[in-house]
Amino acid sequence: MASESTLLILGASGDLTKRLLLPGLGSLITGGDEADLRLLDGLTILGSARSERARDDWQGEIREAFEGVGAKGDLARALIEGADYVAADPTEPDGLKRLLDAAKGDLVVYFALPPAVITKVADVLADVDLPERTVLAIEKPFGGDAESAAALNEQLRRIVPEDRIHRVDHFLNHRAALGMLATRFNNRILERAWNADDVERVEIVYDETLGLEGRASYYDTAGALRDMLQSHLLQVLAIAATEAPVSLDATNLRDALATALRATRVWPHGKVFPNTDQPSRRARYTAGTVGDKQLPDYVDEEGVDPDRGTETLAEIALEVNTARWAGVPFVLRSGKAIGNPRDEIALTFRPLRFVPGGQTGEGRRERVVLGFKPPRIEVAFTSGGGDMPFELEAATLEGTLPKSPVTEYGEVLRGVLGDDPTLSVRGDVAEQCWRIVQPILDAWQRGEVPLDEYPAGSAGPDSWQS
Ligand code: NDP
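Residues numbered from 1 in each chain as written. Predicted model: local features only at pLDDT ≥ 70, side-chain atom pairs only at ≥ 80, totals over all residues. Heavy atoms only, no water.

## Some details on the layout of surface pockets
There is about 490 Å³ of room inside the second largest pocket. Forming the walls of the second largest pocket are 19 residues, and the residues nearest its centre are Ile189, Ala193, Asp198, Phe349 and Glu366. Secondary-structure elements contributing two or more residues to the lining of the second largest pocket are helix 9 (188-193), strand 15 (367-371) and strand 16 (376-383). Looking at the lining of the second largest pocket residue by residue, the class counts come to 11 nonpolar, two polar and six charged. (1 Å grid on protein atoms, 1.4 Å probe; cavity = no way out; pocket = protein on both sides within 12 Å on 5 of 7 lines; lining within 4 Å. Points joined across faces, edges and corners; volume = space filled by probe spheres on them. Helix = DSSP H or I, 4+ residues; strand = E, 2+ residues; numbered from the N terminus. Nonpolar A, V, L, I, M, F, W, Y, C, P; charged D, E, K, R; others polar.)

## Structural notes on the side chain of Glu315
Following the sequence through the fold, Glu315 ends up in strand 12 (residues 313-320). There is a polar contact of 3.3 Å between the side chain of Glu315 and the side chain of Arg333. (Polar contact = N/O pair within 3.5 Å; in protein donor to acceptor, adjacent residues only side chain to side chain.)

## Side note on empty space enclosed by the protein
Applying the stated rule across the entire model yields two cavities of 30 Å³ or more. Around the largest cavity, the lining is made up of 15 residues, and of these Lys140, Phe142, Ser231, Val425 and Ala430 lie nearest the centre. Elements that contribute at least two residues to the lining of the largest cavity include exactly helix 11 (223-241) and helix 14 (427-445). Residue composition of the lining of the largest cavity, by class: eight nonpolar, three polar and four charged. Taken as a whole, the second largest cavity spans an internal volume of roughly 60 Å³. If you trace the second largest cavity, you find it lined by Leu172, Gln235, Arg254, Leu257, Leu261, Thr422, Ser424, Val425, Arg426 and Val429.

## Quick word on the domain arrangement of the chain
Segmenting the chain into domains produces domain 1 (5-139) and domain 2 (172-464). On a C-alpha basis, the centroid separation for the pair domain 1 and domain 2 is 32 Å. Facing the 20 residues of domain 1 at the interface are 12 residues of domain 2. Of the roughly 1400 Å² buried between domain 1 and domain 2, counting both surfaces, carbon and sulfur atoms make up 72%. Looking at the side of domain 1 facing domain 2, the largest losses of area belong to Ser27, Leu28 and Leu39, adding up to 27% of the total buried there. (Domains from an automatic or database assignment. Contact = heavy atoms within 4.5 Å. Buried area = accessible area lost by both parts, 1.4 Å probe.)

## As for the packing of aromatic side chains
Considering all chains together, one arrives at seven aromatic pairs under this definition. Each ring, one from Phe171 and one from Phe372, has its centre 5.6 Å from the other, and the planes form 55 degrees; the classification is tilted. Taken together, the residues Phe171 in the loop between strand 6 (165-167) and helix 8 (175-185) and Phe372 in the loop between strand 15 and strand 16 connect sequence positions 201 residues apart. For the pair Phe171 and Phe372, a shared accessibility class is recorded, and that class is buried. Seen in terms of ring centroids, Tyr206 and Phe372 are 5.3 Å apart; in terms of plane orientation they differ by 75 degrees. Their pairing is edge-to-face. With Tyr206 in strand 7 (residues 199-207) and Phe372 in the loop between strand 15 and strand 16, this pair connects stretches of sequence that are 166 residues apart. Pairwise contacts between aromatic rings join Phe171, Tyr206 and Phe372 into one cluster. (Phe/Tyr/Trp six-rings, centres within 6.5 Å; stacked < 30°, edge-to-face > 60°. Buried < 20%, exposed > 50% of the residue type's maximum accessible area, 1.4 Å probe, protein only.)

## Here's the deal with the sheet that holds strand 1 (residues 5-10)
If you walk across this open sheet you meet the six strands as 3-2-1-4-5-6, and the pairing is parallel. Two strands close off the open sheet at either side, each with one partner strand: strand 3 (84-87) and strand 6. Between one strand and the next, the sheet's axes are offset by a mean angle of 20 degrees, whatever the strand orientation. Along the sheet face, helix 1 (residues 15-31) touches strand 1, strand 2 (43-49) and strand 4 (106-111) and points at about 160 degrees away from the line of strand 1. Those strands touched by helix 6 (residues 115-125) are strand 1, strand 4 and strand 5 (134-138), and its axis lies near 155 degrees from that of strand 4. (Pairing = 2+ DSSP bridges. Axes fitted to C-alpha atoms, helices over the stretch in contact; angles between N-to-C directions.)

## Regarding the site of the ligand
Neighbouring residues of the ligand: 23 residues in total, closest Ser13, Asp15, Arg19, Ser51 and Leu113. In the environment of the ligand, an oxygen atom lies 2.8 Å from a nitrogen or oxygen atom belonging to the side chain of Arg50. The contact in question runs from an oxygen atom of the ligand to an N or O atom on the backbone of Leu113, over 2.8 Å. Here the ligand, which alone exposes 870 Å², has 79% of that area covered by the protein. Ranked by residues supplied to the shell around the ligand, first place goes to helix 1 with four residues. (Near = heavy atom within 4 Å. Areas by Shrake-Rupley, 256 points an atom, 1.4 Å probe, with all protein chains shown as cover.)

## Section: the packing of helix 12 (residues 250-262) against helix 14
The contact between helix 12 and helix 14 brings their axes to 10 Å, and the two run at 20 degrees. Looking at the two axes, helix 12 sits roughly parallel to helix 14. Of the two elements, helix 12 crosses helix 14, and the hand of that crossing is left-handed. Across from Ala258, Leu261 and Arg262 in helix 12, the residues of helix 14 making contact are Asp428, Val429, Gln432, Cys433, Arg435 and Ile436. Along the lines of polarity and charge, the residues of the contact of helix 12 with helix 14 split into five nonpolar, one polar and three charged. (Parallel < 35°, antiparallel > 145°, perpendicular 65-115°, else oblique. Left-handed = near helix turned anticlockwise from the far one by under 90°.)

## Some points on helix 13 (residues 408-417)
For helix 13, the tally of buried residues reaches eight of 10 residues, placing the bulk of the element in the interior. Of all the positions in helix 13, only Tyr409, Gly410, Glu411, Val412, Leu413, Gly415, Val416 and Leu417 are classed as buried. Note on helix 13: the residue one or two positions beyond its end, Asp419, has a positive phi of about 50 degrees.

## Quick notes on the environment of Ala337
Mapped onto the elements of the fold, Ala337 is located in the loop between strand 13 (329-335) and strand 14 (343-349). For Ala337, a relative accessible area of 0% gives the class buried. On a C-alpha basis, the gap between Ala337 and Ser458 in space is 7.7 Å, while along the polypeptide they are 121 residues apart.

## Focus: the pattern of salt bridges
Applying the stated criterion to the full structure yields 35 salt bridges. The residue Arg133 makes a salt bridge to Asp419 at a minimum N-O spacing of 2.4 Å. One end of the pair, Arg133, is in the loop between helix 6 and strand 5; the other, Asp419, is in the loop between helix 13 and helix 14, and 286 residues separate them in sequence. Among the salt bridges present, the one from Lys271 reaches Asp277, with a minimum N-O distance of 2.9 Å. Asp277 sits in the exposed class, given a relative accessible area of 60%. A single network of salt bridges, built from pairs that share partners, joins Arg201, Glu203, Arg342, Glu344, Arg367, Arg376 and Glu378. (Salt bridge = Lys/Arg side-chain N within 4 Å of Asp/Glu carboxyl O.)

Shown next as structure tokens:
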């Protein structure tokens, strides 16, 4: 008989639950292996939020999410029919007690809650008895600076030990990031060239066409740097920069990623961006058209306070100060409302020291690119083969990484339900990520970096184009 367990989702009426968590769970049914199916066997999906909701309605939402990813059959039916919903305020001891009373067996508490609420719930959780094997899954943003992240870490460790705290960053579960990890360390050509002797610059870019999409209450207090770079793109940097872990288990991989981030600092060696001596740039969009969508000025979007000066595009330069990487800029960039967006990890290689006859193939640097959407790998290089003897051409080898039927949030839930923290963020790493970006946030606060503008649908501010 399957052992009983409960996935308690706090914030079950929210966007994350509907759009990412429930389809992720369904994708584990569609694409998971035997071990994944065992995790789901005997699981109760217990949803909760303060707002009242009928159990049928909650089950209907799960059914719809499962159908969206093609999850059907006995297991899907059992999960839907066994799902329960309890309206409660988890920041109140009584409310939390009612939720815990409704849970059976091993417990996973998924905090799909606004960050300020997470802290309050953690306070209450510290004073109640929990099942012995309780796992906590915490959504980003994890704290608002190194100090608050450290305080939240301390709070959570009073509830369960560190290895049962899953700080979720789904970019760690992204095919492109995992593909880079696998490709780097299983490829003699790449691994030997993956260092400052051969690589001139690393770019980690995640631009998107989407604008604010009605998320002002969260995004306007965060901005691109906090929302994307401080969390997701720094995790990708860690994967790009890490030394080979001894093995890919939770201890060794997370130790290796933490070491790379501890060595990371704001670029200290002068100019990286052509239009400024600063190691960062920021901008926000003005009215424009992205695809067939007309966007207003960011500051005219509902819920935006122009005085906050929130950026919708951020670009920063960092150095990973290790024997492998010292002297190579790692440029992290993410923007909203960008026409023809790039989303990739790109390594540009240094020019050769010597080319016969002095023919340098100028402008044709070798590049290795791992793309996020769709997950892909490209190797761009100079080759012979033009019409004339010795004529050079730009060539590209491209491959698409196989699409996994398990979504990134399916992978997140696999780790959480299986209590395997390998691909979740460790507490010290969450603090390091704030430590890394703090000097940039401070420089922006002091007004040392102008807030530029770009029309929605463009590639960014004109002055940034080199
Ligand atoms: P929403 O605002 O859509 O939902 C928030 C949920 O929390 C609702 O269910 C709400 O229900 C509940 N809630 C709000 N206030 C309280 C409170 N005081 N006490 C108890 N429950 C409360 O947020 P999202 O779903 O978008 O985000 C949830 C978390 O996930 C956030 O930390 C966010 O940063 C993170 N995240 C979200 C992503 C997304 O794409 N949406 C992506 C990555 C991370 P009710 O008011 O009825 O209690």
